[in-house]
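Report on the structure
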Amino acid sequence: MIFKIARQNLNLCRFCGICRDVVSCPTKLFTEDCIGCGACYLACPYRAIEMVPHKRKKLIKIWIDREIFFVPEKITVSDALRFAGFHVPVPCGVGGCFSCAVRIDSEMRPACVTGVVEGMQIDTKTKSEPVRMVSGFSPHIVGGVGTPYVLKNYKRPVEVACFLHGCNYRCPQCQNHVMAFTGGVAMTPETVAEILNQMKVVYRVERIAFSGGECTLNREFLIETIKCLKRMDNDVRIHVDTNGSLLTSDYIDELVNTGMTDIGIDLKALSLNTFTRITAVSEGAERYLKTTWNAVKYILENHDIFIGIGIPYNRDLISKEEIRAMGRRLAQMGADVQVCVLDYRPAFRRRDLSPPTVAEMVEVRDILRGCGLTTVIAQTRQELKNCPGYTSPW
Ligand code: SF4
Ligand code: SF4
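Predicted model, so just to flag it, every value in this text is computed and none were measured.

Criteria and cut-off values
Residues numbered from 1 in each chain as written. Chains lettered and ligands numbered in written order. Predicted model: local features only at pLDDT ≥ 70, side-chain atom pairs only at ≥ 80, totals over all residues. Heavy atoms only, no water. Helix = DSSP H or I, 4+ residues; strand = E, 2+ residues; numbered from the N terminus. Rg over C-alpha atoms; globule rule 2.2 N^0.38 Å. Buried < 20%, exposed > 50% of the residue type's maximum accessible area, 1.4 Å probe, protein only. Contact = heavy atoms within 4.5 Å. Areas by Shrake-Rupley, 256 points an atom, 1.4 Å probe, with all protein chains shown as cover. Lys, Arg positive; Asp, Glu negative; His and termini not counted. Charge placed at Lys NZ, Arg CZ, Asp CG, Glu CD. Core = buried A, V, L, I, M, F, W, Y, C linked by side-chain atoms within 4.5 Å. Pairing = 2+ DSSP bridges. Axes fitted to C-alpha atoms, helices over the stretch in contact; angles between N-to-C directions. Near = heavy atom within 4 Å. Nonpolar A, V, L, I, M, F, W, Y, C, P; charged D, E, K, R; others polar. Domains from an automatic or database assignment. Buried area = accessible area lost by both parts, 1.4 Å probe. Salt bridge = Lys/Arg side-chain N within 4 Å of Asp/Glu carboxyl O. Polar contact = N/O pair within 3.5 Å; in protein donor to acceptor, adjacent residues only side chain to side chain. Left-handed = near helix turned anticlockwise from the far one by under 90°. Phe/Tyr/Trp six-rings, centres within 6.5 Å; stacked < 30°, edge-to-face > 60°. Lys NZ or Arg CZ within 6 Å of the ring centre and 35° of its normal.

What follows concerns the overall build of the protein chain. Each helix and strand counted, the protein chain has 11 helices and 15 strands in total. Rg of the C-alpha trace for the protein chain: 22 Å, near the compact-globule value of 21 Å for 394 residues, within the 12% margin. Its C-alpha atoms put the protein chain at 65 × 50 × 35 Å along the principal axes. For the protein chain, the residues scored as buried account for 56% of the 394 residues in total. By sequence separation, contacts in the protein chain at least 24 residues apart represent 71% of the contacts at least 6 residues apart. About 17,500 Å² of surface is accessible on the protein chain, with carbon and sulfur atoms providing 50% of the total. Placing the 49 positive and 42 negative side-chain charges of the protein chain at their respective mean positions leaves the two points 5 Å apart.

See below:
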């Protein structure tokens, strides 16, 4: 196995402080103690951190499921598990989603950002309550992709939302990059549900939204949190805003059976080339793209819940021809599905992008309407027909 270490490139660094103040480096940033977790590398908006190969000479003794293993020192628990022949999926790699959490010396910790130490006891078998890093609890006036257009009143909150950290995509223009690419202290489903339920009462709304990051990572956590919310109020509407890449039919069925009433799915592209350009995903990109489109079809054919679709637009990322092809495919699945064109603005590692003009967004909306879709809105920076931030679908 090749192990790596983080190196800061001061020629590219803009001293934004994200690696120092926001990333929870498990050691000391950019020192010989680096365990190569890559959390700082993923979070840096200016590509000023490189991961370079680094030899680990010394072996240390650890226990995995009560068996002794010798693994290189100064590596992550996930690398140590892989080195010892265990399979560990690490979808976010920043300690945000806790999908890779294992019991380490009696405490559930994310394997991706925890370093191995001599004598460590790792237990991969004992199940514990799922946990996850969650932040950004807030009322939303506009809502998300999965919020029905008719509810957007622009005067008072339509739902309360929270953001689940960690993402399986690496979008260079991510608008929520702090949530997507940072981890931290985990919360239990019960705590998250308590906060959301109280906010729902304070803001007098009936809807609770999960966003991210990618909120469908760590399936057990999301399902358990929805169950807690339903126990507190059986009539609550649950809105899941997702990239759809993990939504197999059994996962969708479980979400709906647990209480999900509304879903927003971002269809990033139709072609694999565009998809990888937008998401920067290398491994598993084809599967993610296919799963997302299949999820939309499956929901439209099998579930009576509200579904909204997000389609990105920026002339540097996706062509109008591809948007038209996406519109045609969607219209075949369900002409009245709500579609929101999202204006991809300069952000994170793509501050060089030009934001789409209002005229472009209206043109893209009309292309989709021309495909037979009846409810298309476009997110814009300007008020149009008394709808701040959105064009009317009619
Ligand atoms: S996150 Fe990147 S640009 Fe910001 S201070 Fe760290 S290395 Fe520099
Ligand atoms: S965050 Fe991870 S990769 Fe970056 S310096 Fe710390 S240990 Fe190394």
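Past the structure itself, the notes keep going.
Judged by nonpolar contacts, the single largest core of 108 residues is most densely connected at Ile 62, Phe 210, Ile 309 and Leu 330. The residues contacting Leu 330, other than those within four sequence positions of it, are Leu 267, Trp 293, Val 296, Ile 309, Ile 311, Val 337, Val 339 and Leu 373. Of all hydrophobic cores here, the second largest spans 10 residues; its members include Val 145, Leu 317, Cys 340 and Leu 342.

Further remarks concern the sheet that holds strand β11 (residues 237-242). Spatial strand order, β8-β9-β10-β11-β12-β13-β14-β15: 8 strands in an open sheet with mixed pairing. What marks the edges here is a single partner per strand, and that holds for β8 (134-140) and β15 (375-378). Going from strand to strand, the sheet's axes swing by 20° on average, the running direction of each strand aside. Sheet topology places strand β14 (residues 338-343) next to β15; 4 bridges connect them, and they run parallel. Across the sheet, Cys 340 pairs through a bridge with Ile 377, a residue of β15. Its contacts with the sheet place helix α9 (residues 285-302) against β12 (260-266) and β13 (306-313), and it is angled at close to 145° to β12. Contacts from helix α11 (residues 358-370) reach β13, β14 and β15, with the element oriented near 155° to β14.

A few words now on the site of ligand 2. In the region of ligand 2, the neighbouring residues are Ala 6, Cys 25, Pro 26, Thr 27, Leu 29, Phe 30, Cys 34, Ile 35, Gly 36, Cys 37, Gly 38 and Cys 40. Here the shell around ligand 2 is composed, by residue class, of 9 nonpolar, 3 polar and no charged.

Let us now look at the domain arrangement of the protein chain. Domain annotation for the protein chain reports domain 1 (4-53), domain 2 (59-123) and domain 3 (134-378). Centre-to-centre separation of domain 1 and domain 2, based on C-alpha positions: 21 Å. On the side of domain 2, 10 residues touch domain 1, which itself brings 8 residues to the contact. For the pair domain 1 and domain 2, the summed buried area comes to about 630 Å², and 62% of that belongs to carbon and sulfur atoms. Looking at the side of domain 1 facing domain 2, the largest losses of area belong to Ile 35, Cys 37 and Leu 42, adding up to 58% of the total buried there. Here domain 1 and domain 2 share 1 salt bridge between them. Of the charged contacts in the structure, one is a salt bridge between Asp 33 and Lys 74, with a shortest N-O distance of 3.7 Å. Applying the counting criterion to the domain 1 and domain 2 interface returns 1 residue pair in polar contact (both at pLDDT 80 or more). Broken down by class, the residue content of the side of domain 1 that touches domain 2 amounts to 6 nonpolar, no polar and 2 charged.

Below, the discussion takes up the packing of helix α10 (residues 320-333) against α11. Viewed as axis vectors pointing N to C, α10 and α11 meet at an angle of 35°, and their least axial separation amounts to 8 Å. Here α10 runs over α11; the crossing is right-handed. On α11, the residues touching Lys 320, Ile 323, Arg 324 and Gly 327 of α10 are Glu 363, Val 364, Ile 367 and Leu 368. Grouping the constituent residues of the contact of α10 with α11 by class yields 4 nonpolar, 1 polar and 3 charged.

One pass over the structure, following the stated rule, counts 20 salt bridges. Glu 32 is the salt-bridge partner of Arg 7, the closest N and O atoms lying 3.6 Å from each other. Pair noted here: Arg 7 is in strand β1 (residues 4-8) and Glu 32 is in the loop between α1 (18-22) and α2 (39-43), with a separation of 25 residues, a long-range link. Residue classification places Arg 7 among the partly exposed positions, given a relative accessible area of 32%.

The next subject is the packing of aromatic side chains. Tallied over the full model, the rule gives 5 aromatic pairs. Each ring, one from Phe 69 and one from Phe 86, has its centre 5.8 Å from the other, and the planes form 75°; the classification is edge-to-face. Of the two residues, Phe 69 sits in strand β4 (residues 67-72) while Phe 86 sits in the loop between α3 (77-83) and β5 (101-104), which places them 17 residues apart along the sequence. Under the relative-accessibility criterion, Phe 86 is labelled partly exposed at 24%. Three or more aromatic residues joined by ring pairs form one cluster here, namely Tyr 169, Phe 275 and Tyr 288. Here Arg 329 stacks its cationic end above the ring of Trp 293, 4.5 Å away from the centre of that ring. Lying across the ring of Tyr 41, Arg 349 places its NZ or CZ 6.0 Å from the centre.

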